[in-house]
Amino acid sequence: MKTTVPLIKESGFSELLLESMPDGVFTLDTAGSITTWNPSMERISGYSADEAIGKPCTFLKFDSCLGRKCPDGLQECRIFKYGQVKGNECFLEHKAGHRVPVLKSAQLIKGRTGKVRGVVETITDLTELQAARQKAEAAYRRLGEIHRLDKIIGRSHVMQQAFSAIQCAAASDATILIQGESGTGKELAAGAIHYNGIRRSRPFVTVNCSALTETLLESELFGHARGAFTGALRDRAGRFEEADSGTLFLDEIGDISPVIQVKLLRVLQEREVERVGDSRKRKVDIRIIAATNKELYRLVRAGLFREDLYYRLKVFPVNMPPLRDRKEDIPLLISHFISAQRTKTGRSISGISQQAMRVLLDHPWPGNVRELENAIEHAFVLCATANIDTPDLPIEIREQTPASGALPPLPLVAAAKTGRRHLNREALVATLTQSGWNKAETARRFGLSRAAIWKYMKKWSIPNAPPKN
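Residues numbered from 1 in each chain as written. Predicted model: local features only at pLDDT ≥ 70, side-chain atom pairs only at ≥ 80, totals over all residues. Heavy atoms only, no water.

Participant: Which residues make up the overall build of the protein chain, and what values go with them?
Facilitator: Secondary structure assignment for the protein chain yields 19 helices and 18 strands. With 469 residues in all, the protein chain has 45% of them scored as buried. Of the contacts formed within the protein chain by residues at least 6 apart in sequence, a portion of 62% connects residues at least 24 apart. Split by element, the accessible area of the protein chain, about 24600 Å² in all, is 52% carbon and sulfur. (Helix = DSSP H or I, 4+ residues; strand = E, 2+ residues; numbered from the N terminus. Buried < 20%, exposed > 50% of the residue type's maximum accessible area, 1.4 Å probe, protein only. Contact = heavy atoms within 4.5 Å. Areas by Shrake-Rupley, 256 points an atom, 1.4 Å probe, with all protein chains shown as cover.)

Participant: How would you sum up the side chain of Q341? Please name residues and give values.
Facilitator: Considering the arrangement of structural elements, one finds Q341 in helix α13 (residues 330-345). Sequence-distant contacts of Q341, defined by excluding residues within four places in its chain, comprise G346, I376, E377 and F380.

Participant: Help me get a handle on the sheet that holds strand β16 (residues 316-319), residues and values and all.
Facilitator: Overall, parallel pairing links the five strands, which are arranged β9-β12-β15-β8-β16 in an open sheet. Edge positions in the sheet fall to β9 (204-208) and β16, since each has one partner strand and no second. On average, each strand axis in the sheet is tilted by 20 degrees relative to the strand beside it, whichever way the strands run. Both strand β8 (residues 176-179) and strand β15 (residues 287-292) contribute to a ladder of four bridges, which runs parallel. By the bridge assignment, I176 is partnered in β15 with I289. (Pairing = 2+ DSSP bridges. Axes fitted to C-alpha atoms, helices over the stretch in contact; angles between N-to-C directions.)

Participant: For the packing of aromatic side chains, give the residues involved together with the corresponding values.
Facilitator: Evaluation of the coordinates by the stated rule reveals nine aromatic pairs. Ring centres of W37 and F59 lie 6.0 Å apart, and the angle between their planes is 40 degrees; on these two criteria the pair is classed as tilted. Taken together, the positions of W37 in strand β2 (residues 34-37) and F59 in the loop between α3 (49-52) and α4 (79-82) put the pair 22 residues apart, joining distant regions of the chain. A network of ring pairs unites the aromatic residues F26, W37, Y47 and F59 as a single cluster. Over the aromatic face of F59 sits the side chain of K55, whose NZ or CZ is 5.3 Å from the ring centroid. Directly above the ring of F222 sits K263, whose terminal nitrogen or CZ lies 5.7 Å from the centroid. (Phe/Tyr/Trp six-rings, centres within 6.5 Å; stacked < 30°, edge-to-face > 60°. Lys NZ or Arg CZ within 6 Å of the ring centre and 35° of its normal.)

Participant: Kindly report on the packing of helix α17 (residues 425-434) against helix α18 (residues 439-446), identifying the contributing residues and their values.
Facilitator: With their axes 9 Å apart at the nearest point, α17 and α18 run at an angle of 125 degrees to one another. Comparing their axes, α18 and α17 come out oblique. Handedness of the crossing formed by α17 with α18: right-handed. Contacts between α17 and α18 involve A427, L428, T431, L432 and Q434 from the first element and T442, R445 and F446 from the second. Partitioned by chemical class, the residues of the contact of α17 with α18 number four nonpolar, three polar and one charged. (Parallel < 35°, antiparallel > 145°, perpendicular 65-115°, else oblique. Left-handed = near helix turned anticlockwise from the far one by under 90°. Nonpolar A, V, L, I, M, F, W, Y, C, P; charged D, E, K, R; others polar.)

Participant: Pulling in residues and values, what's your account of the sheet that holds β2?
Facilitator: Here five strands make up an open sheet; going across it, the order is β2-β1-β5-β4-β3 and the pairing antiparallel. Only two strands of the sheet have a single neighbouring strand rather than two, namely β2 and β3 (84-93). When strand polarity is set aside, the average angle formed by the axes of neighbouring strands in this sheet is 25 degrees.

Participant: Would you mind going over α18 in detail, with residue names and values included?
Facilitator: Along α18, seven of the eight residues are buried, which leaves the element largely enclosed by surrounding structure. Among the residues making up α18, those that are buried are K439, A440, T442, A443, R444, R445 and F446. Buried residues belonging to α18 abut α14 (354-362), α17 and α19 (450-459). Directly beyond the C-terminal end of α18, a positive phi value near 70 degrees is found at G447.

Participant: Describe the nonpolar core, listing the residues and the values that go with them.
Facilitator: Core analysis: the biggest nonpolar cluster contains 30 residues, and L221, F240, L250, I253, I256, L264 and F305 have the highest contact counts within it. Secondary-structure elements contributing two or more residues to this core are β9, α8 (214-222), β12 (247-251), α10 (258-270), β15, α11 (296-301) and α12 (307-313). Here this core gets five residues from one element, more than from any other, and that element is α10. Once residues within four sequence positions are removed from consideration, L221 is found in contact with V207, G238, R239, F240, L248, L250 and I260. (Core = buried A, V, L, I, M, F, W, Y, C linked by side-chain atoms within 4.5 Å.)

Laid out in structure tokens, this is it:
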């Protein structure tokens, strides 16, 4: 018969209760030695009471306790500082050598005088829950495979519209203008258009127009003849010629100078290029895809971009929505990035806590999908457990507050959804009402952080919840 040391000296109901509990329970004395070990602990850990009693709890090799690795001795354990541990997800090492996912809680035991008598710990086996989570994550990944176009992932309505536009663009040979904020996946969209189109087997050449000066960009695009300028020691074909019969992707097209605009317009009209320092014209058969994070029509109105070039480029527009307008895609993207980082790093991180997920859903994502991917990569560096938690995220995402304690400057106008009203108490109350008193949504509509909205509410004595009628 298995040995169990009772929690209290008398045997009877208390001992029977301890033995019948489905959760594992064990106690430690003030020296840190195990004094009680119930049958459920034997089942979860594989160690009998005789093997466990008298040993420190560190022999179970918990990978995390109170946010850090278990210390070597009880006196170093932070249970004495905090008094208790509630619901800490971690792993223990089974006698057979495999890891067991568990939920660990602990509580100091004190006598009537307040003197510490020991520690009681409860262990809940999460093996079945972990399996269910893994199935859910696998389902998410399968869902991601369904709701994706090449490397672009999304199931939201706005992303399905983008997918439809990309598929239509791929089925034609028209000039395409992809518009969207930085980090929304414009280059991925350009690649999807090319590799799903009739030119898929031909070159796909990319040029970042904002990375080069006017002179260098001109040479990069059109090539140059020997002796055209200092350092031009030989003839060189430009990117237009390299992309012949294929696709040329011009990223950040809104940054090109008036001189390059004129030359690009001529290429679009004549389908021929002239190298710098050469009078010979060369025919090219290319498809042009341009992208910008700027509103080109505003540049046209301001006289900074040629109107005729604008309409030549915008034969068929594709709009890539910002992440703040497709937040239902965030869990899908997170699952994809965790899987990618796990493959890249070999780490055993498998998911994300609900608290961390809430933080990511509330973030306004000015850097869009690229910022989210970087946040997950950052978390992989810090995460010491199986699940990414809030402290593992970048500080600018965890603390969406201005660096100083002062309020940020008031914007001249609110976002479009607020009717472009001046930000004052009335506008803030109206926007809170429209958004169901959701502070994160209100912050997004004003282009501010949630912390800033809280500060304005406090400043103008706006209650945290709608007044009751």
